[in-house]
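# Examining the three-dimensional arrangement
Below, each chain spelled out in residue letters.
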Amino acid sequence: MLIKVKVFPSSKKEEVIKKSEDSFEVKVKEKPEKGKANREVVRVLSYYFKIPESKIRLIKGFKERNKIFEIKTTEQFQSKP
């Protein structure tokens, strides 16, 4: 599943806000330098979806506020015939 994420780095608190079925806002404390905020977003999303960080991959928007992540859920693996 692909999700759109708008990131707010350097926030006072960390949180995930669901805007629609595939759109989220994520606030992280890390600054947007050297990929620190991106790694923190992955960590926060893994906690939110209750899946390992290895199941989340940044697809687009490495240096932008608007990003696209791929989330590999167990449902995707079980739906194969």
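Residues numbered from 1 in each chain as written. Predicted model: local features only at pLDDT ≥ 70, side-chain atom pairs only at ≥ 80, totals over all residues. Heavy atoms only, no water.

## Focus on the sheet that holds strand β1 (residues 2-8)
Defined as follows: Only strands that DSSP links by at least two bridges are regarded as paired with each other. In this description a helix means any DSSP run of H or I spanning at least four residues, a strand means any run of E spanning at least two, and both kinds are numbered starting from the N terminus. Lines fitted to C-alpha atoms define the axes here, with helix axes fitted over just the stretch in contact, and angles between the N-to-C directions of these axes take values from 0 to 180 degrees.
The strand order β2-β3-β1-β5-β4 describes an open sheet built from five strands, whose pairing is mixed. Edge strands, defined here as strands with exactly one partner in the open sheet, are β2 (15-20) and β4 (56-60). Looking at each pair of strands side by side, their axes are set apart by 35 degrees on average, direction ignored.

## Quick word on unusual backbone geometry
Here is the rule: Only protein chains enter the accessibility calculation, which uses a 1.4 Å probe; a residue whose area is less than 20% of its type maximum is buried, one above 50% is exposed, and one in between is partly exposed.
Within the chain, Ser10 stands out as a residue other than glycine whose phi angle is a positive 60 degrees. Looking at the element boundaries, Ser10 is found in the loop between β1 and β2. Residues other than glycine seldom take positive phi values, yet Lys50 does so here, at roughly 60 degrees. Of note, Lys50 is situated in the loop between α1 (36-49) and β4. According to the relative accessible area criterion, Lys50 is exposed, its value standing at 72%.

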